[in-house]
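# Structure at a glance
Spelled out, the chains give:
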Amino acid sequence: MAWYGNYYPAFRIRPPNDAHVLCVNLRLNIGTMRIEKDMKLADVIHHDFNLVPVINRFGIHLGFGDGTIEQICKEHKVNVAFFLIIINVYHDPQYFPKKHLQSFPVGSLVAYLHNAHEYYLEQKIPEIKKLIVKLTEESGDKHKNNFKLAFNFFEEYEHELTAHIDREETSVYPYVVELEKVIESGTAPDKVLARMQSYSITDYEDEHENVEEKLYDLKNLIIKYLPSVKNDAISYNILLELFDLEKDLREHARIEDMILVPKVEAMEITIKKMN
Amino acid sequence: MAGKITIVLIDHSYLVRSGMENLLREFPEVSLTEVFDGSEKHLVEKTMSLKPDFIIINPKSIKDSLNSFVLSLGNDALLIGLVDEHTPPVIRSRFKHILTITDNKYDLLNNMHKLMGTNSKDKSGKHENHSLSERETTVLKHITQGMTNQEIAEKLFLSVHTVTTHRKNITKKLGIKTVSGLTVYALLNKIIDMGEVNQQ
């Protein structure tokens, strides 16, 4: 895959006089701060309001008051170390937590990932579908069928994403939680050992397919190929949602690949040594 | 990851090397394969064995003749000269591309960005017409009918390799990767009609 065309279209297609926009984006990236526990959560949200859906997944909602991250996490019985990792991963694409920071229960990680899945399937996807329906209605009879194509295409994407998530929820996560229980109890039942032999988390890494391609296609269909409508407001909203979902899924996959998988690999090794 | 742009950096100054490393971090698709300070033995061989897409090199960091160094690197990699405002034109002219270390950050980033776009692997030209050729349109049609590369190759009397190349070019031109995305495109542009899709 050529590096420019597909993943970073903005870097390439932009006209020359648009150069300053690129620079502004880069400057923001460079100036990313590390979010720490003694910062006020309100200040953090002012700095990066895209984190609102992320804190929601910890059961923390707007109207959380004036406390520091540590205080608010305590109030909501959230593991502070884990909260900071997740929020920094989302805030700064370059961030990768150091090993010593990763001492939190796997259970909280799985719970977090589950809540994120719910957010995708129950909020984001329906919202985007609603917007595409609205766009179809506004498009006039002549183009209705064309927008229906886009809708069907997105539904297909929804099925793929749902299947992917189902597999994680019904096979990967229960396995992970079970491993942690085994380590706590100190003895490994044969059942678990057998399962470890037939399925290791390393396989999961391999099967972690890229469900993002369709999102990418849909963005281009809207930007380049679907017929123009009088007012771009709805299409703009769809694009905002698509970019947002895409970014969220990317960080989600990063958390799974860079935090969940290594942690589980370590647990697998511990259990093998127990016997 | 395939498609990563690999770079070898040669500069004798630690500060410049770290600065370049920092700058290149702004390009997610770039990987800095190796950094040399110029004093290494067999520098040419070491550099060539890495097969980089670009070599960023400070002419002052080369102890021996710059000319022979440049010549022995051949044409495979794109040389980028790391120069300052005092570098004489005769040295500058040895390089296809120039980065001026005294430039401000945004000029550096923009120049770098332009250079990345001239990556030798992608000579296919960013300015070329993005509409599909007749052949590509035919291939697209068959893709949307659910045919595999093998089947398309047989049908059109082409090698599988050629079909794969067509496919890559279609995706690059249209910015659409998935078969169903391509199908939507083909329908929107009346390359196929609804009836053909429903037959499957």
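Scroll up a little and you will see the structure.
Below or above, wherever it landed, is the structure these notes cover.

Analysis parameters
- Residues numbered from 1 in each chain as written.
- Chains lettered and ligands numbered in written order.
- Predicted model: local features only at pLDDT ≥ 70, side-chain atom pairs only at ≥ 80, totals over all residues.
- Helix = DSSP H or I, 4+ residues; strand = E, 2+ residues; numbered from the N terminus.
- Buried ≥ 20, exposed ≤ 12 C-beta atoms within 10 Å, placed from the backbone.
- Contact = placed C-beta atoms within 7 Å.
- Pairing = 2+ DSSP bridges.
- Axes fitted to C-alpha atoms, helices over the stretch in contact; angles between N-to-C directions.

Attention now moves to the overall build of chain B. Scanning chain B from N- to C-terminus turns up 10 helices and 5 strands. Going through the 200 residues of chain B one by one, you find that 25% of them count as buried. Put simply, 60% of the contacts in chain B that link residues at least 6 apart link residues at least 24 apart.

In any sheet, the strands associate via hydrogen bonds between backbone groups, in a parallel or an antiparallel arrangement. All names here are of chain B. Reading across the sheet, the 5 strands line up as β2-β1-β3-β4-β5 and stay open at both edges, with parallel pairing between neighbours. Edge positions in the open sheet fall to β2 (30-36) and β5 (97-100), since each of these has one partner strand only. Strand-to-strand twist of the sheet, defined as the mean angle between neighbouring strand axes without regard to direction, takes the value 25°. Two elements, strand β4 (residues 78-83) and β5, share 4 bridges in a ladder whose sense is parallel. Bridge pairing links Ile 80 to His 97 in β5. Contacts between helix α1 (residues 14-24) and the sheet are confined to β1 (5-10), β2 and β3 (54-57), with β2 contributing the most and set at about 170° to the helix. Of the strands in this sheet, β1, β2, β4 and β5 touch helix α5 (residues 105-117), which is tilted by about 160° from β5.

Turning our eyes to something else, we now look at the pairing of β1(B). Residue and element names in this part refer to chain B. Of all 6 residues making up β1, 5 are buried, and the element is well covered by its neighbours. Here β1 pairs with β2 via 6 bridges, running parallel. Its bridge partner being in β2, Val 8 is matched across the sheet by Glu 34.

Summarising the element assignment, A:Leu226 is placed in the loop between α11 (213-225) and α12 (233-274). Residues A:Leu226 and A:Leu149, spaced 77 residues apart in sequence, show a C-alpha to C-alpha distance of 9.6 Å.

Moving on: unusual backbone geometry. Apart from glycine, the bulk of residues carry a negative phi angle, and the bulk of peptide bonds sit in the trans form. Of note in the backbone geometry, A:Lys77 takes a positive phi value of approximately 55° without being a glycine. A positive phi angle, near 55°, is found at B:His42, a position not held by glycine. With respect to the element layout, B:His42 can be found in the loop between β2 and α2 (43-49). Judged by the 9 C-beta atoms lying within 10 Å of it, B:His42 is exposed.

Nothing here speaks to function; it is all geometry.
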